[in-house]
Each structure stands twice: as C-alpha cells, then as structure tokens.
Amino acid sequence: MFKMIKVLREDRTGDELILDLQLSPDYVPEFAAQALDAVAHQENIKPDGTHTIRELTEEKIGKSVADELICGAVMNMAAPFGRSLTEGVSTVGMPRFANHSKLEPGKPFFFSASWAMLPQIELSSYDPVEIVVPPEKVPDRLIDDSIQQLLNQGASFMPCEDDSVIEIGDVVDLSLDTTLHGKKIEGLCFPSRVFTTGVGNMPEEFERNIIGMKAGETKAFTYEGPVAIDDDDRPTFERYESTATIVSKLKKKIPPLTDAWVKTNVVGCETVSDLRDRIKSELSINVGQERQHYLNYRAASALAQRYDGPIPDAAYEAISEQIRADFAQQASYAGVDAATFMKSQGMTEEQFSVRVVLETHEKLAQMMAVDAMARHLGLSVDEDDLEAFYASQAPNGNAKAYRQQIEGSGRSYLATEGALRFKTSKYLVDHAVIREGNPYENAGI
C-alpha cells in the first residue's frame, strides 16, 4: 500500500479531512485499465472486434468526458488506500475529489480527496447503560417452519382419480416425445415425469397446449423454443414437435411427522423431540447472533442519549447521501425506480425525508457516542478484534472472503473503525443493566 500511494499533505482543519495523494506511476496503468472497464460497463459498451474499448468509449461519449470519468473512477479506487494510511481520525461517507492531474503512462497521478470528519465529543456520563430487550427465545413457529420444509422435501406425488381439465398449478405425470427437424431431443423424451404447470419450466406455448388436457389424453402439437445463443447473447428459436400424454393427475402427499419418519430420514435423530431440539439449537445460533447485534444497537442508542450537542453539517450531509444512495440501490435490486419502491414501502416523499433525517441523526449520534466511550476506556483494536468484526459482518458467514474484499479495495480503515465500535458496543452490553420486556413501552407501543 505504501508503494502504491503516498499522502503528500494532510489537513484536518474544519470538519473535513483533506488529503493530497500521489498514485505511483507503477500502478497508474492498472488503475486506468480497471477504470476504463468500469466506465465502459456503465455506458454499456462492448468490444466489436475492430476497435479498442477506449476508442469505442470516446466515440460514444467524447474524449474529454471519457477522460474525466476515467479519472473519477481511478480516484474512487485509489482514495481508500490513502485514507487507510491516516490514523487517529474517524470519517463518514464517500470521498469528494478535486485538483487531479492527467493520467499519463510512466507518470504519477496526483489528486486531492476529502472526507467528512466526526468530532471527538464528550458524554454527560460514562456509567453503564440501561436497556430493555425482548425475551430471548427461539419462536416455536420457526421450529415448525423448519420441520415443514423437511417434510415437503420428503413429499411424494400419488396418482389421483380426477378427470377435470388441467389448470395452471396442477401437477401431472407427463409422457413426452419431442423432435426437432425430425431428430429426437433426448432431454424432451421420457415415458414418465412429474410436471407442474405454470412454473416456467417450459415455453409458454408448450404450457398452453398442456393446459386444458385431461388424464389419459394424448395430443400432438408444435411450439417455439430456444435452440442456441447468438454472439449478442440473444436466443434463437425454432419450432419443436411434441406428442404429450397426461398419464394421470398427481396429488402431493406429505408424510406425517412421526418418530419413525424422523429415524429413517434425519441422520442423528431418533424421535420428533430429538429433531425439534436439534433445530432449536441450530436456530439459536442465528438468533443469538441477531440478538447480539440488537443488543449492541440498543446499548449504543442508550449511550447516544448522553450527547445533545451539534452534529457537523459535512458529516450530516455525508450520511444522509449514503442513506439515500442505499435506498436507491435497494430499488434498483427490486427492478423499480426509487419513487415506486418508496410507494411499495408505504411511504410518501415527505415521510421518507423525515425517515432520512431521523436515521441520519441517530446513526451519527451513536457513532460519536461509542467513539467517545472507546476513548474514555482507552480501547484499541488488535488482530482478534478485527477477526471478530469480520465474522460479525460477513455475508453468509464467509469472514475470510469478506476481509479480502474490504482490505483488497483499500477500505481497511472502515474495518478498523468498525472493529473498535463493535468491541466498545460489546463492552457496553457486557456491563449494561439489561431488563427483559417491551423496548418501546415508554413510547406506548
């Protein structure tokens, strides 16, 4: 990291951390190439076999715009490495950039980046916090749901005497012979197979021919289906010829939950009671982890009430922008725009704005309060603390991959800050006065 980037100047005046950074000429080509790929992907530019990606990008958006977007992408990738070289300061939000040089092979790349700083505050008290939390218990419904999933996996389909026509959602025993240009298609030829209509396993035209048939009926028909993918990732279609027979309608038979079923189907369990105990134990791990996060949050929230001072505008704007960006990303994942997603959440624009204000203030107040407690206690972060933090935050429990992702992108400073807050929050919980009950009882909920 030290060879990759240097901090030429550091300014902590005001409410921002400003760094003048130099990206080593040895790394400029690598960063520029990655930045170009990112810009091309954003602009939906693909290779055409004749021109370079750079040429295609400049042709579509212009050279000056391409240069600026690539520089912006390089700064976004490089800035976190520079920020991680700066200690003794907490920042929030994404960096802002200014005064960058040109990207030229063999020459260093200079730019300035700034982050909103969190002030070092003092709390009215550093005594143990008092928190009210719901009782710790694995709900029976979670155990029941898990057992039902196991039973569904062990379900079988039995023929039923039903001479009504096939409808969407019906399950049938299907016999099928299919050809394309007179040649049999092995995967679409079988004497018997469980087939559920309406789940999208076959083309819609195929399903329309099956729907309306009856048990014992045979029908020959053609339908259009995909045969290959062209160079532009688009499927090509041709007409298949099929002869389908509905052998029978089927009904799903879920086995009863008995000691005998458990003994036969669940390794290591002899009885229903054994199965419930095992599932409860497995669920308790997840519930325990979620409870720890909840306790940490409640403790930090209680601590934040001991600070009623101002919050810097720069930090407020940074967190507010981040919350709105996260919301827009959730909408994108859902395949809709932010306004539509907001409506699906039962919120108006005004209600969302109020939510952003409250969430921003709460988040910042908690971070500043927990940081203040860490300084008061003289806490610091070691390797064990980092491992505990990564384990607590890792998606799907893959702490090693998550750590590589964070540190590989230069954002180790976020892990250090997060680990210190996680350690401090755990200290708060370990020393808190905890009472089980309704956490919102004072609010009349």
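Scroll up for the structure.
Please read all numbers here as calculations on a predicted model, not as lab measurements.

(A) Seen up close, the nonpolar core. One finds Val92, Leu118, Leu123, Val129, Ile131, Leu303 and Leu364 to be the most contacted residues of the largest nonpolar core, which totals 40 residues. Taken together, the elements giving at least two residues each to this core come down to strand S5 (130-133), helix H7 (272-304), helix H8 (313-333), helix H9 (338-344), helix H10 (349-377) and helix H13 (412-430). A per-element tally of this core places H10 first, with ten residues. Of all hydrophobic cores here, the second largest spans 32 residues; its members include Ile61, Ala73, Phe111 and Tyr413.

(B) Quick look at the side chain of threonine 91. Tracing the chain through its elements places threonine 91 in strand S3 (residues 91-98). The buried category is assigned to threonine 91, whose relative accessible area is 4%. Here the side chain of threonine 91 touches arginine 83 through a polar contact of 3.0 Å, side chain to side chain. Ignoring any residue separated from it by four or fewer positions in sequence, one finds threonine 91 in contact with Leu17, Arg83, Trp115, Ala116, Met117, Tyr413 and Glu417.

(C) Region of interest: the pattern of salt bridges. Counted under the stated rule, the structure contains 23 salt bridges. The closest approach of N and O atoms between arginine 54 and aspartate 67, which form a salt bridge, is 2.2 Å. Residue arginine 54 is located in helix H2 (residues 53-61), and its partner aspartate 67 is located in helix H3 (residues 63-83); the two are separated by 13 residues in the primary sequence. A relative accessible area of 25% means that aspartate 67 is categorised as partly exposed. Between glutamate 359 and arginine 355 there is a salt bridge, with its nearest N and O atoms 3.7 Å apart.

(D) Seen up close, helix H12 (residues 399-408). Tyr402, Arg403 and Ile406 are the residues of H12 that are buried. Looking straight down H12, one finds its buried side chains confined to an arc of 100°; they lie on one side. Summarising the geometry of H12, the exposed residues directed more than 90 degrees from the buried face are Lys400, Gln404, Gln405 and Gly408. For H12, the secondary structure elements touched by its buried residues are helix H11 (383-393) and H13.

(E) How the structure looks around the sheet that holds S3. Overall, antiparallel pairing links the four strands, which are arranged S1-S2-S4-S3 in an open sheet. At either margin of the open sheet sits one strand with a lone partner, and together these are strand S1 (5-11) and S3. Averaged over all adjacent pairs, the angle separating strand axes in this sheet is 30°, with direction ignored. As defined by bridge partners, S3 adjoins strand S4 (residues 109-117) across five bridges and the pair is classed as antiparallel. Residue pairing for S4: threonine 91 is matched across the bridge by methionine 117.

(F) Geometry of the packing of H11 against H13. Contact geometry of H11 with H13 gives a least axis separation of 9 Å together with a crossing angle of 90°. As far as their axial angle goes, H13 and H11 are roughly perpendicular. In this structure, H11 uses Asp385, Leu386, Ala388, Phe389, Tyr390 and Ser392 to contact H13, whose residues at the interface are Ala415, Thr416, Gly418, Ala419, Phe422 and Lys423.

(G) Just the side chain of arginine 306, in detail. Locating arginine 306 in the fold gives a position in the loop between H7 and H8. Notably, arginine 306 is buried but unbridged: the nearest opposite-charge side chain belongs to aspartate 127, and the N-O separation is 6.0 Å. Among all residues touching arginine 306, those that are not within four sequence positions of it are Leu123, Ser124, Ser125, Tyr126, Asp127, Pro128 and Val129.

(H) Just the packing of helix H1 (residues 28-42) against H3, in detail. Direction vectors running N to C along H1 and H3 enclose 120°, while the axes themselves pass 8 Å from each other. Classified by the angle between their axes, H1 and H3 sit oblique to one another. Both H1 and H3 take part in a crossing whose hand is right-handed. For the pair H1 and H3, contact is made by Phe31, Ala32, Gln34, Ala35, Leu36 and Val39 and by Leu69, Ile70, Ala73, Val74, Met77, Ala78 and Phe81, respectively. Residue composition of the contact of H1 with H3, grouped by class: twelve nonpolar, one polar and no charged.

(I) Summary view of the packing of aromatic side chains. This structure, assessed with the given rule, holds twelve aromatic pairs. Residues phenylalanine 97 and phenylalanine 111 carry aromatic rings whose centres are separated by 6.2 Å and whose planes lie at 65° to one another, so their mutual orientation is edge-to-face. Residue phenylalanine 97 is located in strand S3, and its partner phenylalanine 111 is located in strand S4; the two are separated by 14 residues in the primary sequence. The class of phenylalanine 97 is partly exposed, set by a relative accessible area of 26%.

(J) Structural context of unusual backbone geometry. The backbone phi angle of asparagine 99 is positive, close to 55°, even though this residue is not glycine. Its identity is not glycine, yet histidine 181 carries a phi of approximately 55°, on the positive side. Relative to the helices and strands, histidine 181 resides in the loop between strand S7 (171-180) and strand S8 (183-184).

Cut-off values and rules
- Residues numbered from 1 in each chain as written.
- Predicted model: local features only at pLDDT ≥ 70, side-chain atom pairs only at ≥ 80, totals over all residues.
- Heavy atoms only, no water.
- Core = buried A, V, L, I, M, F, W, Y, C linked by side-chain atoms within 4.5 Å.
- Buried < 20%, exposed > 50% of the residue type's maximum accessible area, 1.4 Å probe, protein only.
- Helix = DSSP H or I, 4+ residues; strand = E, 2+ residues; numbered from the N terminus.
- Polar contact = N/O pair within 3.5 Å; in protein donor to acceptor, adjacent residues only side chain to side chain.
- Contact = heavy atoms within 4.5 Å.
- Salt bridge = Lys/Arg side-chain N within 4 Å of Asp/Glu carboxyl O.
- Arc of directions from axis to C-beta.
- Pairing = 2+ DSSP bridges.
- Axes fitted to C-alpha atoms, helices over the stretch in contact; angles between N-to-C directions.
- Parallel < 35°, antiparallel > 145°, perpendicular 65-115°, else oblique.
- Lys, Arg positive; Asp, Glu negative; His and termini not counted.
- Left-handed = near helix turned anticlockwise from the far one by under 90°.
- Nonpolar A, V, L, I, M, F, W, Y, C, P; charged D, E, K, R; others polar.
- Phe/Tyr/Trp six-rings, centres within 6.5 Å; stacked < 30°, edge-to-face > 60°.

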